[in-house]
Amino acid sequence: MANSETAAGEAVQAESGLPEESLTLLKNIREMLNEEKWTRAALSNYSTSQFKEFDSLLKEAKDLRLIDVIKKDCDEHLSHSKNSIIALYLSGMVALSRQIIDDAAMINLVTIFADNHKWGIVKYLCERILDYGESKFALRTLIDCCKNENEEAVMYDIWERLVKVDYEEADIAKSLAEHYEKQGNNDVAVDYYKKALHRYINKGLFANVKEIWEKLLLYCPEDIDFFLHVQKKVAKNVSEERAIDLLKAVYSFCKDQNVDMAVTILKIVLQYDEKDYPARKEIVECYKKKYADHSQLEDYIRISNLSQSYRNVHDAITDFEKHIAFDKGNFVFHRTWGVGRIAGIEGDEIKIDFAKKRGHTMSLKMAVEALQTLTKDHIWVLKATWKKEKLWEKVKGDIPWALRTIIKSFGNSCDTKRIKAELCPGVLSEKEWSSWNAKARDILKSDPGFGISPDNIDIFTVRERPISVSEKLYNEFKAERNFFDRAATIRSFVSQKDAELDSEYFAEMFSYLTSFLKTSQAGEQSIAAYLLIKELAVKYPHLGTSLPLNFADIIREMNDIPGLFQNLKDNRFKEEFLHHLQMFVPGWADIFVELFPRTMLAAIISQLEKEGYGEKLTAMTLDCFDHFRERREAVVWLIKNAVGADWFKAANINLERQLIVLIHVLDLTYRDIENQRETTEARKINKQVYTILFKDDVLGSFIDNAGDDTITRIYTFINDVKNLDPQDKINLKSRIQDHHPDFKFSESVEKRVSQGLTVTRIKFDEKQKQLAHIMDVEVPANSREIEAARLHGDLKENAEYIAAKEKQVLLNTMAERLKEDIDRAQIFDPATIDTSRVSFGTVVALQNESRDRKEEYTLLGPWESEPEHNIISYQTPFGKAMLSKTVGEHFNFLSDGEKNLYTVEAIKAANI
């Protein structure tokens, strides 16, 4: 006891900077913990009033901002007194208030009192847990309390809450349905029966499924969409044979009420089992009932062999439905003659009136093969039979009608491209289409009469029964193929007012998320699933029980965090990922530094600045400039956004070096564009660099006040960027002459264009192949693109045509420059390499006397130049300084404002 009191005293002394009332509260709580430990208080000594006193202490601690200290003390106490009632309660309640997922303390505490039948305390503890959000554990425990205290009325309320948060609970959902059924509240009973049905299907309990199925057929037999949806799940989760059993029960209801739906159900049965002869017999009877007035009914049943078991049932149905559509007064379509109307059928001959070919006759067999049958409200029929003005007014004035008509015309499955093709330009002009289409998209999204195909997000359908927002979002979710699109749909579902989180729709969505947490390999999808569940758990805490407890453990399994971060295609996920890194991962700052060059997120920089990691930012900046070829986008970002920051200034990267790096990046991006490597990214960076150097006048302003050596270097680098607009080079030269009238341009720079260009055979061949590819492949392809784009109409607003013409200009420019360079190129013969002095094709070993280090360079031409690999052009200032030097000879070179003395130590032939 004395030792514990001493420790407590030392802890309080260490916190002596706290106010007196804070110290007093901490001392009291620590004394309570020690007293409980040493007196070993019995459970019988605890009552709900004591826990209410503990709540008062927590409230006081919160006001004094001592919550974290108290949780730390309690967790420490639990490490050697695991069943401490006080520590479990205080630590558990703090965890709940902070929405920490680990609720082990409260579960342990409730279990202790439940095992000892202290139901009053158990009830109080569960209600305190539920104050912070629904909990399956707390609700189930409250149900036990109700059973022990015979509180049946209260129990039903708790059952309802449990069914909403436990997506696997089927028995209680069924019990609730039966409860409301007895009360005569059939609507609520049906809702719970449906929940129970889906959950029993997921468990594979068919006996329970069939029992509820029969109940629902009594209460909502008209809800055919529901039954068809559920039978698919039964076929998948249980068996197709069981699905047939259920479908036949629905068929018994439909056959006298809705013959079309009866046919649909029998087709599904026959898809599952094509040898189900009773179903085949029934579908023949349904067709006879549906087409009782058709003049050729019996003949078409005979021709298709529909009632003959030896013929494949699916082929027979297809044949019958093709034939039965041919009857007097029906419409057909021929690819040459357009829409026609059947004037009559005599034996095997059919007579059709087409607009430009009336009274045309053909055999029935030929008609079935050559013609497409149309309903009287098919859009093609309307376009052929209505006056254009009438159709235009109807389409413009009743957009939902137009959408329904077109979608149903094409098998109740249609995308916006097809809709446009039917209306534009035949009914609507291009200009009219733009405004009409915007309104139509809003209607397709919001009108419950339209749905989305679960198989394709771009396909719209017409609903016989209005669709709920939840079901529409569920169909969108099913149609999406990309994880991040599905995640966005889940967010939309949850953000609805009165979102149905207990529905089978959300249960399937949520199951999709949790499946990614069960995989052994952590990737961007599992991380995004974790973050989304964590996000949802803020509003719905019970969802958090599906999460692993430790974000840091997930990160530990990842090999390429920057790559994973880039693959998070949602900014909200990226923000949360960074937040979780900072909160839960030691060494997060190093990960941030690693992430920045590949993401360029300002939030990364601001957090590192805020937390005082200036030195890491300085080191990162130097690394980016040293490896500007790989970090080019990061370098541009830093120059645009960070040059005024103290940590950037600490890197001592002067303006001249910044400009030289930017010029190199400009050249690299021009090369990438020319060689079609990551063209979109290269164009973006190229535009940014060009803007900084020329449009923002950073380069010109620097040149105005620079010395002759600096001007020579800068101008030479600019002049070597061969794809830069020549006018920009001329403008820069004029500016230099205006501000530095005494400056003398070197003869090699002045006459570079007119002189020959020394190149290697490999590079010469590469350039010739590049030119041949442009002229023989890209230019002809571009010409075809232009011709194809012309066919789209109005060239002023034709985006495809404009893009193709822009590409034509670019290809012509590239070809002209390549021809000029190839014409003046002089292929170097490796046999003529002269190693007695520094020359083209030599490898030069230098001693940098000023910096006391060895350096090695290969001297080639501008086509071969790779400064990052110490391969430099003989036309650069440094290359010119070395030219003709012999072993032992010294020379000076000014770099980054510093004068360096070099000694040539060795010269050897390069491997070219």
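Visitor: Just give me the short version of the overall build of the protein, but keep the residues and values in it.
Guide: Looking only at helices and strands, the protein has 45 helices and 14 strands in total. The C-alpha extent of the protein, read off along each of the three principal axes, is 110 × 105 × 50 Å. Expressed as a percentage of the 912 residues in the protein, the buried residues total 48%. For the protein, restricting intrachain contacts to residue pairs at least 6 apart in sequence, the fraction spanning at least 24 positions comes to 57%. Carbon and sulfur atoms form 48% of the exposed surface of the protein, whose accessible area is close to 47100 Å². For the protein, the separation between the mean place of its 126 positive charges and that of its 148 negative charges on side chains is 5 Å.

Visitor: Mind laying out helix α38 (residues 679-695), listing which residues take part and the relevant values?
Guide: Looking at α38, one finds that the buried residues are Ala682, Ile685, Asn686, Val689, Ile692, Leu693 and Phe694. Taken around the axis of α38, the buried residues stretch over an arc of 160°, which confines them to a single face. Of the residues in α38, the exposed ones pointing more than 90 degrees away from the buried face are Thr680, Lys687 and Lys695. In this structure, the buried side of α38 is in contact with α35 (632-641), α37 (655-674), α39 (698-704), α40 (708-719) and α41 (726-739). Of the residues trailing α38, Asp697 is marked for its positive phi of about 65°.

Visitor: Please set out the sheet that holds strand β3 (residues 349-354) residue by residue, giving values where relevant.
Guide: Strand order in the open sheet formed by five strands is β4-β3-β2-β1-β5, and the pairing between neighbours is antiparallel. With partners counted over all chains shown, the strands left at the sheet margins are β4 (357-363) and β5 (372-374), one partner each. The average undirected angle you get between the axes of adjacent strands in this sheet is 40°. In terms of strand pairing, strand β2 (residues 338-346) meets β3 through six bridges, oriented antiparallel. Bridged to Gly344 within β3 is Lys351.

Visitor: Tell me what's going on with the side chain of Arg128, and back it up with residues and numbers.
Guide: Structurally, Arg128 is set in helix α7 (residues 119-130). Of the residues examined, Arg128 reaches a relative accessible area of 15% and is grouped as buried. For Arg128, the contacting residues outside a window of four places in its chain are Asp55, Tyr89 and Met93.

Visitor: Mind laying out the pairing of β3, listing which residues take part and the relevant values?
Guide: Only one face of β3 is buried, namely the one carrying Ile350, Ile352 and Phe354, since none of Glu349, Lys351 and Asp353 on the opposite face is buried. Connecting β2 to the antiparallel partner β3 that follows it, the hairpin turn spans two residues, and Gly347 within it adopts a positive phi of roughly 60°. Where β3 meets β4, five bridges bridge the pair, whose relative direction is antiparallel. From the neighbouring strand, Lys351 faces β4, where its bridge partner is Thr361. Linking β3 to β4, which pair antiparallel, is a turn of two residues.

Visitor: With reference to specific residues and values, describe the packing of aromatic side chains.
Guide: Scanning the model with the defined rule gives 42 aromatic pairs in all. The interplanar angle of 65° and the centroid separation of 5.1 Å between the aromatic rings of Phe51 and Tyr89 together place this pair among those described as edge-to-face. With a gap of 38 residues between them, Phe51 in helix α3 (residues 48-63) and Tyr89 in helix α5 (residues 85-97) connect regions that are remote in the sequence. Like Tyr89, Phe51 is buried.

Visitor: Now, about helix α24 (residues 430-446): what can you tell me, with residues and values included?
Guide: Taking 1.5 Å per residue as the helical rise, α24 with its 17 residues ought to reach 24 Å, and the 24 Å between its terminal C-alpha atoms agrees with that figure. The inward-facing, buried residues of α24 contact α21 (388-397), α22 (399-409), α23 (416-423), β6 (450-452), β7 (460-462) and α25 (469-479).

Visitor: A description of the sheet that holds strand β13 (residues 890-895) should follow, citing residues and the corresponding values.
Guide: Each strand in a sheet pairs with its neighbour through backbone hydrogen bonds, running either in the same direction (parallel) or in the opposite one (antiparallel). Within the open sheet, the five strands sit side by side as β12-β11-β10-β14-β13. Their pairing is mixed. Here the strands that pair on one side only, and so sit at the sheet edges, are β12 (871-873) and β13. Pairwise comparison of adjacent strand axes, ignoring direction, gives a mean angle of 45° for this sheet. Bridge count between strand β10 (residues 842-848) and strand β11 (residues 853-860): seven bridges; the pairing is antiparallel.

Visitor: Which residues make up unusual backbone geometry, and what are the values?
Guide: In this structure, Pro425 follows Cys424 across a cis peptide bond, with omega equal to 10°. Mapped onto the elements of the fold, Pro425 is located in the loop between α23 and α24. Backbone geometry places Asp697, a non-glycine residue, at a positive phi of 65°. Take Asp697: it is sitting in the loop between α38 and α39. By relative accessible area, Asp697 is classed as partly exposed at 27%. Of note, Ser884 is a non-glycine position whose phi angle comes to about 75°, a positive value. Within the secondary structure layout, Ser884 lies in the loop between α45 (877-882) and β13.

Visitor: Explain the pairing of β10 residue by residue, including any values.
Guide: Counting buried residues in β10 gives seven out of seven residues, a clear majority hidden from the surface. Both β10 and strand β14 (residues 898-909) contribute to a ladder of seven bridges, which runs antiparallel. The residue bridging Gln847 from the neighbouring strand is Thr903, located in β14.

Visitor: Describe the packing of α5 against α7, with residues and values.
Guide: α7 packs onto α5 with a crossing angle of 25° between their chain directions and a minimal axis gap of 10 Å. On the basis of their axis angle, the class for α5 and α7 is roughly parallel. In this structure, α5 uses Tyr89, Met93 and Leu96 to contact α7, whose residues at the interface are Tyr124, Leu125, Arg128 and Ile129. Residue composition of the contact of α5 with α7, grouped by class: six nonpolar, no polar and one charged.

Visitor: I'd like to hear about a negative patch on the surface, residue by residue, with values.
Guide: On the surface, Glu240, Glu241, Asp273 and Glu274 cluster together into a negatively charged patch. Considering the arrangement of structural elements, one finds Asp273 in the loop between α15 (259-272) and α16 (277-290).

Visitor: Quick one: what's the story with the pattern of salt bridges, residue by residue and with numbers?
Guide: Enumeration over the complete set of coordinates arrives at 46 salt bridges. We note a salt bridge from Lys194 to Asp223, for which the minimum N-O separation is 2.8 Å. Note that Lys194 is positioned in helix α11 (residues 186-203) and Asp223 in the loop between α12 (206-219) and α13 (224-237), a separation of 29 residues in sequence. As far as burial versus exposure is concerned, Lys194 and Asp223 are alike and both buried. When the shortest N-O distance is used, the salt bridge between Asp319 and Arg311 registers 2.9 Å. A single salt-bridge network, built from bridges that share partners, covers Arg491, Glu535, Asp570 and Arg572.

Visitor: Explain the nonpolar core to me, using residue names and the numbers behind them.
Guide: If you look at the biggest cluster of nonpolar residues, it comprises 123 residues, and the most contacted ones within it are Phe51, Tyr89, Leu125 and Phe326. Look past the residues within four positions of Leu125 in its chain and what remains in contact with it is Phe51, Tyr89, Met106, Leu109, Val110 and Phe113. Counting 103 residues, the second largest nonpolar core, distinct from the first, contains Met620, Val636, Ile639 and Ile692.

Visitor: Which residues make up the confidence of the model for the protein, and what are the values?
Guide: Scored by pLDDT, the protein has a mean of 86; 95% of the residues are at 70 or more. The low-confidence segment residues 1-14 (pLDDT under 50) makes nine contacts with residues lying over four places distant or belonging to another chain. A low-confidence stretch, residues 747-754 stays under pLDDT 50, and its non-local contacts, those more than four residues away or across chains, total 15 contacts.

Visitor: Give a detailed account of the side chain of Thr716, specifying residues and quantitative values.
Guide: When you line up the elements, Thr716 lands in helix α40. A polar side-chain atom of Thr716 sits 2.6 Å from the main-chain carbonyl oxygen of Thr712.

Visitor: Could you give an account of the state of the cysteines, with specific residues and numbers?
Guide: This model, assessed by the stated rule, comprises zero disulfides. Cysteine Cys286 shares no disulfide, and the gap to the nearest cysteine sulfur, in Cys254, comes to 9.6 Å.

What counts as what
Residues numbered from 1 in each chain as written. Predicted model: local features only at pLDDT ≥ 70, side-chain atom pairs only at ≥ 80, totals over all residues. Heavy atoms only, no water. Helix = DSSP H or I, 4+ residues; strand = E, 2+ residues; numbered from the N terminus. Buried < 20%, exposed > 50% of the residue type's maximum accessible area, 1.4 Å probe, protein only. Contact = heavy atoms within 4.5 Å. Areas by Shrake-Rupley, 256 points an atom, 1.4 Å probe, with all protein chains shown as cover. Lys, Arg positive; Asp, Glu negative; His and termini not counted. Charge placed at Lys NZ, Arg CZ, Asp CG, Glu CD. Arc of directions from axis to C-beta. Pairing = 2+ DSSP bridges. Axes fitted to C-alpha atoms, helices over the stretch in contact; angles between N-to-C directions. Phe/Tyr/Trp six-rings, centres within 6.5 Å; stacked < 30°, edge-to-face > 60°. Expected span 1.5 Å × (residues − 1). Parallel < 35°, antiparallel > 145°, perpendicular 65-115°, else oblique. Nonpolar A, V, L, I, M, F, W, Y, C, P; charged D, E, K, R; others polar. Patch = residues over 30% accessible without salt bridge, like charges linked within 9 Å, V, L, I, M, F, W, Y side chains within 5 Å. Salt bridge = Lys/Arg side-chain N within 4 Å of Asp/Glu carboxyl O. Core = buried A, V, L, I, M, F, W, Y, C linked by side-chain atoms within 4.5 Å. pLDDT = per-residue confidence, 0-100. Polar contact = N/O pair within 3.5 Å; in protein donor to acceptor, adjacent residues only side chain to side chain. Disulfide = S-S within 2.5 Å.

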